[in-house]
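Here are the chains, one letter per residue:
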Amino acid sequence: MIYEDKAKYSDILKNSITYLENHGFKKIKADTDGYETPKSYLKAGSDISITPDIVAEKEGRKHYFDLSLKSEKPKLLKSKWLFLNTLSNLKSSRFRLITARGHYAFTQEMLEAINLNNKTLIKI
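Residues numbered from 1 in each chain as written. Predicted model: local features only at pLDDT ≥ 70, side-chain atom pairs only at ≥ 80, totals over all residues. Heavy atoms only, no water.

Visitor: Tell me what's going on with the layout of surface pockets, and back it up with residues and numbers.
Guide: Remark: the empty space left among the atoms is shown by a probe the size of a water molecule rolled over them. Reported here for the second largest pocket is a volume of approximately 160 Å³. Taken together, 13 residues form the lining of the second largest pocket, with Lys29, Pro38, Lys39, Val55 and Lys62 sitting closest to its centre. Contributing elements (two or more residues each) for the lining of the second largest pocket: β1 (26-30), β4 (54-58) and β5 (61-68). Considering every element that reaches the lining of the second largest pocket, the biggest residue donor is β4, with three residues. (1 Å grid on protein atoms, 1.4 Å probe; cavity = no way out; pocket = protein on both sides within 12 Å on 5 of 7 lines; lining within 4 Å. Points joined across faces, edges and corners; volume = space filled by probe spheres on them. Helix = DSSP H or I, 4+ residues; strand = E, 2+ residues; numbered from the N terminus.)

Visitor: Tell me what's going on with the packing of helix α2 (residues 74-90) against helix α3 (residues 104-113), and back it up with residues and numbers.
Guide: In the contact formed by α2 and α3, the axes pass within 10 Å of each other and the chain directions differ by 65 degrees. Judged by the sense of rotation from one axis to the other, the crossing of α2 with α3 is right-handed. Facing Pro74, Leu77, Lys78 and Trp81 of α2, the residues of α3 in contact are Phe106, Thr107, Met110, Leu111 and Ala113. When grouped by side-chain class, the residues that make up the contact of α2 with α3 number seven nonpolar, one polar and one charged. (Axes fitted to C-alpha atoms, helices over the stretch in contact; angles between N-to-C directions. Left-handed = near helix turned anticlockwise from the far one by under 90°. Contact = heavy atoms within 4.5 Å. Nonpolar A, V, L, I, M, F, W, Y, C, P; charged D, E, K, R; others polar.)

Visitor: Would you mind going over the environment of Phe95 in detail, with residue names and values included?
Guide: For Phe95, the position within the fold is in strand β6 (residues 94-99). Setting aside its immediate chain neighbours within four residues, Phe95 contacts Tyr64, Asp66, Trp81, Leu84, Asn85, Ser88 and Lys119.

Visitor: Quick one: what's the story with unusual backbone geometry, residue by residue and with numbers?
Guide: One non-glycine residue with positive phi stands out, namely Lys27, at about 50 degrees. Residue classification places Lys27 among the exposed positions, given a relative accessible area of 63%. With phi around 55 degrees, Glu59 is a residue other than glycine that occupies positive phi space. Structurally, Glu59 can be placed in the loop between β4 and β5. Of the residues examined, Glu59 reaches a relative accessible area of 80% and is grouped as exposed. (Buried < 20%, exposed > 50% of the residue type's maximum accessible area, 1.4 Å probe, protein only.)

None of the figures reported here should be taken as evidence of function without further support.
Structure (structure tokens):
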């Protein structure tokens with residue numbers, strides 16, 4: 001999610017955290033109240049900051065999760081996903097997208113636009 005969408009979709013974020021806890025993820029950090037905030041990454045030469053929605057560990061491997069929900073700023077979302085995908089590849093981690101009913105088509109279109117068609121979605 002991008003900053004402007006956080007309040008609107010906070011319930012989906014909480015449902016996603018519950019889903020991950022039920023599927024064995026530990027050391028969960030989330031960009032919401034009650035959890036430690038994941039590390040943010042600052043774009044050099046600008047004031048743009050990228051923070052994954054959720055970071056968790058399972059079987060000793062770090063996983064980055066981002067919610068894929070309809071957004072008024074799809075360009076920012078695409079940039080965030082490309083960055084998180086590259087970061088996870090560099091660090092031998094995993095990057096996954098979590099989406100919800102009503103947002104599947106939007107997510108697929110976005111993934112096709114940035115050539116990340118190989119991503120398997122977690123559907124909440």
